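For reference, the chains in residue letters:
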Amino acid sequence: MSCLIRLIASTAVVYSILATSALADTAAGEHNGSTAAPAGHAGVPFPGAPEIAPIGVRLDKYIDVPEAAKGPPIDPAKGYRLEKLGRGLYMVTDNGYQSMFMVYESGVVVVDAPPSYAARLKQAIAEVTTLPITHIIYSHSHTDHIGGAGLLGGHPVIVAQEETKRLLLRDADPARPIPTVVFKTSYRMQLGSQHLELSYHGDGHEPGNIFIYAPEQKTLMVVDLVFPGWMPFRRFAVAHDLPGWMAQVEMIAKLPFDKLVAGHVARLGTRADVLTQIEFDNDVKSAAAAALKTTPFVDGINPADAGNPWALTDDYTARVAGSCVKAVTPKWSNRLGAFDTFVWDECYAMEQSLRVD
Ligand SMILES: [Zn+2]
């Protein structure tokens, strides 16, 4: 709680700085002969605003990251960590991003190539085999997960869902070579004695984002849907379709995996992590739904803004999001890593989705 009070204090400092600069604007305006009141400057938070600082306010210290969110350290000399997931299957991570590779009798299948460590991916593979990369699988089109694919060289077969190919043709990015094999709903890859099952369950994070399952190794890779130990990245990982995204997180919980490669954070995910995230997602949904029902549309706004519907909506959604933030803070502020970084974003994204989806 003392941490939260510090956040309020630092928020108040920021607001007083902004107010001071608004006064400076006024003085400059008067110097130019204008007596118009300055507009667009920061005021004070609305009455009853949450203790968690809103978006855009720099804090002196964020809430400490809980131990459960942390993972094994990275060797700084290598810049990545290799973790064996089962026969021939490995996770590679720099503790920010995660990818996989699978070794079979005559080659290697790489799943994603995040640019943050793609230049060292071949070195990671060389730790366990000298076989060549014959296939690359794209989890989805986003460059932060596959933008290092062009660095892997050779002429691998590139497998993706057909929507991913459509998006990559549009983006025309040489760092992300165009898939050579696409599928619509499911694709089974049998390579020597190894086996992967790819499946597509519709839009959620973005069109084309797939589930990649290694049945023998009981390992599931799905990217940008679950954040083991952590808050989802802002706006539920910038979900393209939030109801679809939430449904896919629930789908993951029903699959028969032991290890989850979620594409981000410092450690593997477990079924417990998925269930925790479902609980958080549903708490935000309930809190935002309740706030939409109980928050008056106009409350305390400057009467001079009465003819500005965007301003009224902006103030309303801030109060709805604020009510949502307040409702979820007691239960979650110390349970998920970086709660205070993105809880406002999650509440804004949820109230928006509940109003229009
Ligand atoms: Zn993504």
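What comes next concerns the included structure. From a predicted model like this one, the values you see are computed outputs, not experimental measurements.

Observations concerning the pairing of strand β4 (residues 107-111)
For step 1, the next point in the chain: Across the 5 residues of β4, 5 count as buried, placing the element largely inside the fold.
For step 2, the next point in the chain: Side-chain alternation along β4 places Gly107, Val109 and Val111 on one buried face and Val108 and Val110 on a second face that is also buried.
For step 3, the next point in the chain: Relative to β4, strand β3 (residues 98-104) runs antiparallel, the two being bridged by 5 bridges. Counterpart to Met100 in the pairing with β4 is Val111.
For step 4, the next point in the chain: Hairpin connection, β3 to β4: the antiparallel pair is bridged by 2 residues.
For step 5, the next point in the chain: The sheet contact formed by β4 and strand β5 (residues 133-137) spans 4 bridges and is parallel.

Here we look at the coordination of the zinc ion
For step 1, the next point in the chain: Every protein donor of the zinc ion is accounted for by His140 (NE2), His142 (ND1), His205 (NE2) and Asp224 (OD), and the metal-donor separations fall at 2.1 to 2.2 Å.
For step 2, the next point in the chain: Classification of the site at the zinc ion rests on its 4 donor atoms, whose angles at the metal span 85 to 170 degrees, yielding the label irregular.
For step 3, the next point in the chain: Each donor residue of the zinc ion lies on one chain, and together they are spaced H-x1-H-x62-H-x18-D. With His205 in the loop between β9 (194-200) and β10 (210-214) and Asp224 in the loop between β11 (219-221) and α5 (234-238), the pair connects residues that are 19 residues apart, well separated along the chain. For the residue pair His205 and Asp224, the accessibility class agrees, reading buried in each case.

Overview of the state of the cysteines
For step 1, the next point in the chain: Counting across every chain of the model gives 1 disulfide.
For step 2, the next point in the chain: For Cys324, the disulfide goes to Cys347, at an S-S distance of 2.0 Å. Measuring the twist about the S-S bond at about -70 degrees, one finds the Cys324-Cys347 disulfide to be left-handed. Of the two residues, Cys324 sits in helix α8 (residues 309-332) while Cys347 sits in helix α9 (residues 339-356), which places them 23 residues apart along the sequence. In this pair, the class of Cys324 matches that of Cys347, namely buried.

Regarding the layout of surface pockets
For step 1, the next point in the chain: Looking at the second largest pocket, its volume works out to about 260 Å³.
For step 2, the next point in the chain: Lining the second largest pocket are 16 residues, with Asp224, Phe227, Phe233, Ala237 and His264 sitting closest to its centre.
For step 3, the next point in the chain: Elements supplying a minimum of two residues to the lining of the second largest pocket: α5 and α9.
For step 4, the next point in the chain: A class-by-class count of the residues in the lining of the second largest pocket yields 9 nonpolar, 5 polar and 2 charged.
For step 5, the next point in the chain: When residues of the lining of the second largest pocket are sorted by domain, at least three fall in each of domain 1 (2-67 + 282-356) and domain 2 (71-266).

Examining unusual backbone geometry
For step 1, the next point in the chain: Within the chain, Lys218 stands out as a residue other than glycine whose phi angle is a positive 50 degrees.
For step 2, the next point in the chain: Along the chain, Lys218 falls in the loop between β10 and β11.
For step 3, the next point in the chain: Here Val265, not a glycine, exhibits a phi torsion of approximately 75 degrees, which is positive.
For step 4, the next point in the chain: Here Val265 shows up in the loop between β12 (259-261) and α7 (271-294).

Some words on the packing of aromatic side chains
For step 1, the next point in the chain: Per the stated rule, a full pass over the model turns up 7 aromatic pairs.
For step 2, the next point in the chain: Between the aromatic rings of Phe183 and Tyr187, the centroid separation amounts to 5.9 Å while the plane-to-plane angle is 20 degrees, which identifies the pairing as stacked.
For step 3, the next point in the chain: A relative accessible area of 5% means that Phe183 is categorised as buried.
For step 4, the next point in the chain: In this structure Tyr187 comes out as partly exposed when scored by relative accessible area, which is 29%.
For step 5, the next point in the chain: For Arg271, the ring lying beneath its charged end belongs to Phe257, and the centroid distance is 4.5 Å.

What about the side chain of Asp112?
For step 1, the next point in the chain: Tracing the backbone shows Asp112 in the loop between β4 and α2 (121-126).
For step 2, the next point in the chain: For the buried residue Asp112, which engages in no salt bridge, the nearest side chain bearing the opposite charge is Arg176, 11 Å off.
For step 3, the next point in the chain: Within polar-contact distance, the side chain of Asp112 engages the side chain of Ser139 at 2.7 Å.

Things to note about the nonpolar core
For step 1, the next point in the chain: Membership of the largest hydrophobic core comes to 45 residues, with the highest contact counts inside it found for Phe236, Trp245, Ile252, Val274 and Val343.
For step 2, the next point in the chain: Top element by residues in this core is α9. It accounts for 8 residues.
For step 3, the next point in the chain: Mapped onto the domain boundaries, this core takes at least three residues apiece from domain 1 (2-67 + 282-356) and domain 2 (71-266).
For step 4, the next point in the chain: Once you skip the residues sitting within four places of it in the chain, Trp245 turns out to touch Gly204, His205, Asp224, Leu225, Pro232, Phe236, Ala237, Ala239, Gln277 and Asp281.

Calculation rules
Residues numbered from 1 in each chain as written. Predicted model: local features only at pLDDT ≥ 70, side-chain atom pairs only at ≥ 80, totals over all residues. Heavy atoms only, no water. Buried < 20%, exposed > 50% of the residue type's maximum accessible area, 1.4 Å probe, protein only. Helix = DSSP H or I, 4+ residues; strand = E, 2+ residues; numbered from the N terminus. Pairing = 2+ DSSP bridges. Donors = N, O, S within 2.8 Å, 3.2 Å for Na, K, Ca; no water. Tetrahedral: all angles 85-135°; square planar, octahedral: opposite > 155°, others 65-115°. Disulfide = S-S within 2.5 Å. 1 Å grid on protein atoms, 1.4 Å probe; cavity = no way out; pocket = protein on both sides within 12 Å on 5 of 7 lines; lining within 4 Å. Points joined across faces, edges and corners; volume = space filled by probe spheres on them. Nonpolar A, V, L, I, M, F, W, Y, C, P; charged D, E, K, R; others polar. Domains from an automatic or database assignment. Phe/Tyr/Trp six-rings, centres within 6.5 Å; stacked < 30°, edge-to-face > 60°. Lys NZ or Arg CZ within 6 Å of the ring centre and 35° of its normal. Lys, Arg positive; Asp, Glu negative; His and termini not counted. Salt bridge = Lys/Arg side-chain N within 4 Å of Asp/Glu carboxyl O. Polar contact = N/O pair within 3.5 Å; in protein donor to acceptor, adjacent residues only side chain to side chain. Core = buried A, V, L, I, M, F, W, Y, C linked by side-chain atoms within 4.5 Å. Contact = heavy atoms within 4.5 Å.

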